[in-house]
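Results of the structural survey
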Amino acid sequence: LKMSWLRFYLPLHIFVAICLCHAIKASTSSSQQSFKTDLFNFYHSLILADGKETTIHLLKDIPKRYCFVLEEGRVLAPFSITVTPCDVPIEWSILLYKSPPGFPGKATPGGHDTQEVSKSQQAPSMVSTIFKYKGNSVETYMGMSSHSALYLLEFLSTERDTHITVYLTTDTISGHLYPELPMDPRIDVIGIGHTTATLSWKHSPSVLQHAESIQYCLLVNEKHNYKSLCAAETAIRSSGMKLPPTLALSLSPYLLEPQQVMILSNSELSIINKASHGEVRQVCVGTRNTYTVPHLSPSTQYYFDVFIVNLLTNASAAYTGTFARTLEEPEPKVTELKDGKVIHVVLDGKKQKFYSLQYQARHKKIHFTFQLCRGQIRVHITRNGKTVASENLSGLRYLSLKGKLLDTYLVQLRSTEESTSSVKVQASPHFHKPLFPLLPESLKIKSFSKLRTCRSVTIAWLGTQEDSKYCVYRKRIEEDQIWRELQNADRCSGPESRHKSEKVLCKYFYDLNLQRAVTTETIKGLEAGTFYLFDVYLFGPSGIPVRYHSKVVKTRKKC
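Residues numbered from 1 in each chain as written. Predicted model: local features only at pLDDT ≥ 70, side-chain atom pairs only at ≥ 80, totals over all residues. Heavy atoms only, no water.

Looking at the overall build of the chain
What the chain contains, in helices and strands, is seven helices and 35 strands. Here the chain, with 559 residues, has 45% of them falling under the buried criterion. Put simply, 74% of the contacts in the chain that link residues at least 6 apart link residues at least 24 apart. A total of about 29500 Å² of accessible surface is found on the chain, and carbon and sulfur atoms cover 52% of it. (Helix = DSSP H or I, 4+ residues; strand = E, 2+ residues; numbered from the N terminus. Buried < 20%, exposed > 50% of the residue type's maximum accessible area, 1.4 Å probe, protein only. Contact = heavy atoms within 4.5 Å. Areas by Shrake-Rupley, 256 points an atom, 1.4 Å probe, with all protein chains shown as cover.)

Some details on the nonpolar core
In this structure, Leu357, Phe368, Phe370, Ile381 and Leu413 are the most contacted members of the largest nonpolar core, which totals 25 residues. Elements represented by at least two residues in this core include exactly β20 (342-347), β21 (354-360), β22 (365-374), β23 (377-383), β25 (396-402), β26 (408-415) and β27 (421-428). For this core, the element with the highest residue contribution is β22, accounting for four residues. If sequence neighbours within four positions are ignored, phenylalanine 370 has contacts with Val379, Ile381, Leu393, Gly395, Leu396, Arg397, Leu399, Val411, Leu413, Val423, Lys424 and Val425. With 22 residues, the next largest nonpolar core counts Leu48, Ile90, Leu96 and Tyr151 among its residues. (Core = buried A, V, L, I, M, F, W, Y, C linked by side-chain atoms within 4.5 Å.)

Some points on the sheet that holds strand β1 (residues 52-58)
Strand order in this open sheet of four strands is β1-β8-β3-β6, and the pairing throughout is antiparallel. Two strands close off the open sheet at either side, each with one partner strand: β1 and β6 (139-145). Going across the sheet, the axis of each strand differs from the next one's by a mean of 20°, ignoring polarity. Pairing between strand β3 (residues 77-85) and strand β8 (residues 162-169): six bridges, direction antiparallel. Within β8, the position partnered with threonine 84 by the bridge is threonine 165. (Pairing = 2+ DSSP bridges. Axes fitted to C-alpha atoms, helices over the stretch in contact; angles between N-to-C directions.)

Some points on the state of the cysteines
All chains considered together, the criterion is met by five disulfides. Between cysteine 373 and cysteine 492 runs a disulfide, and the two sulfur atoms are separated by 1.6 Å. One disulfide, between cysteine 373 and cysteine 492, carries an S-S torsion of -85° and so falls in the left-handed class. Of this pair, cysteine 373 sits in strand β22 while cysteine 492 sits in the loop between α7 (482-487) and β31 (503-509), placing them 119 residues apart in sequence. Exposure remark for cysteine 373: the relative accessible area of 0% places this residue in the buried category. (Disulfide = S-S within 2.5 Å.)

Let's talk about a nonpolar patch on the surface
A cluster of nonpolar side chains, contributed by Val189, Ile192 and Leu327, occupies part of the molecular surface with about 200 Å² of accessible area. With respect to the helices and strands, leucine 327 occurs in the loop between β18 (322-325) and β19 (334-336). (Patch = residues over 30% accessible without salt bridge, like charges linked within 9 Å, V, L, I, M, F, W, Y side chains within 5 Å. Salt bridge = Lys/Arg side-chain N within 4 Å of Asp/Glu carboxyl O.)

With respect to unusual backbone geometry
Of all residues except glycine, most have a negative phi; of all peptide bonds, most are trans. Phi is positive for histidine 295, which is not a glycine, with a value near 60°. Checked against the element boundaries, histidine 295 lands in the loop between β15 (290-293) and β16 (301-310). A positive phi angle, near 50°, is found at serine 299, a position not held by glycine. Mapped onto the elements of the fold, serine 299 is located in the loop between β15 and β16.

As for the confidence of the model for the chain
In this model, the chain carries an average pLDDT of 79, and 76% of its residues clear a pLDDT of 70 or more. Confidence drops under pLDDT 50 across residues 102-125; counting only partners more than four residues distant or on other chains, this segment forms 25 contacts. (pLDDT = per-residue confidence, 0-100.)

So, the packing of aromatic side chains
For the structure on display, the rule yields 19 aromatic pairs. Three or more aromatic residues joined by ring pairs form one cluster here, namely Tyr66, Phe68, Phe79, Trp92, Phe131, Tyr141, Tyr151 and Phe155. It is lysine 469 that lies over the ring of phenylalanine 539; its NZ or CZ is 5.5 Å from the centre. (Phe/Tyr/Trp six-rings, centres within 6.5 Å; stacked < 30°, edge-to-face > 60°. Lys NZ or Arg CZ within 6 Å of the ring centre and 35° of its normal.)

Some thoughts on the environment of valine 552
Here valine 552 shows up in strand β35 (residues 551-554). Each C-alpha atom, one on valine 552 and one on phenylalanine 531, is 6.7 Å from the other, the two residues being 21 residues apart in sequence. Discounting chain neighbours no more than four positions away, the residues touching valine 552 are Ile477, Ile482, Leu486, Phe531, Tyr532 and Leu533.

Thoughts on the environment of threonine 300
Here threonine 300 lies in the loop between β15 and β16. Leaving out residues up to four positions away in the same chain, threonine 300 has contacts with Glu222, Ala324, Arg325 and Thr326. Within polar-contact distance, the side chain of threonine 300 engages the backbone oxygen of proline 298 at 2.9 Å. (Polar contact = N/O pair within 3.5 Å; in protein donor to acceptor, adjacent residues only side chain to side chain.)

Some words on the sheet that holds strand β7 (residues 149-156)
Strand order across the open sheet formed by four strands is β2-β7-β4-β5, with antiparallel pairing between neighbours. Each end of this open sheet is capped by a strand with a single partner; those strands are β2 (64-68) and β5 (127-135). Across this sheet, the average inter-strand angle for adjacent strands is 20°, counted without regard to direction. Sheet analysis places β2 next to β7, joined by five bridges and oriented antiparallel. Across the sheet, residue cysteine 67 finds its bridge partner in β7, namely leucine 152.

Right, dumping it as structure tokens:
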């Protein structure tokens, strides 16, 4: 008879008989020790192990029963049972079977046969329910056991298939598997902002005793609190994501799935799980009991859970979860745009990510000009509350919009990165008086490797059909400065920001045939084996320059 069948369909009185049979054999003489071992191996899935956390899988509406018996010679021994639901609420109960006089532990000549045991255990008065619970909280029952008593545990899930963990210990003094919670296990929200929340909780006594093997792990999500770590992991997995076994063991990057993002900063590990319902953020913070959660969304309710995790046993205990709503994003200050006036907007990605400009049309057709100076910016334009344009800015951008007289345009600029971003903006009804010069097809500067020498470099750039002024500047740089110079370049700054010694020349040129609108220049007087940064500035009728993309060239070492 297979144990899987016994486990699901065994009647209670037969199940009791099996456990009692095991108890009888366990209490016999040492000569029967091998039989006891064989019996235990056969019925091991029904006997709850002492001092070990057991994972039990439950099928919907099918109860599972486990039992345990103390070893011979233990009288009135304390014990505790901790049950942790890992998903939906479950029902579980503890039944006490009191043995009749002369049962194991009280020696009687000849012992009992199986038939007598089966008859006695069927008496209703012999079985009583001493504990019953329904829910999804972690519950612990503590009691005193006798060698003449048998305990039965029954588990049932009525919602769906699920799993739980059960921990039985008869060593209530040193057999603590789970880290200890403080007397007040609540999490306090001591600060809340638009995008941050600062949390604090009282230290676990386990941290003071075993700081090297204990750490706190924080879980942040937008759905609800979790009463145990295994419940949180089950919920995340059910959303279609794989999760490392526990927060405590999530410290290896190779465990991450494609939909997970790992952020490591200031010795903190943060794993963000991208899911359809939002983010589930996991952060392990060592033994600190305060933490500021960054990068939250404004006006959003978040749920915060803290788990104290034993790195050696992988066991955990949950603080009482809390929740908080981040502050609403303040309405951005609106600046008025005037005809033809240029406004230079600087956005600090860490402090101010939004900037609003308002323009009231005095003509039906309006032209907006944007020159991205630094960083990454997205522009969103509405006319009388309706969106008419939304895009990421790149270089120089013209937008022509047609509406009615006195239409109100709202231009919203948003930084898409944490570093500083800036842009120049102009609104005008007169497109024939452009702010910026006519631009070529490309703003790239080309260098000719074959024309490089130890003392000179030849560069080329495209022009336009409009006679314009071009100025060339050079700057000597070190190799380790190249990346910083290119990344931090302000594309809106003109020659006025350059040192006079960096100026090479200025020249005018144009060609009505765009295929021939290209010019070259050989810069001499350079040092051998040296890096140089070259810039070209294009000036239009308004005098406002447009900077070509910087080019770094190294002269030859030997010629």
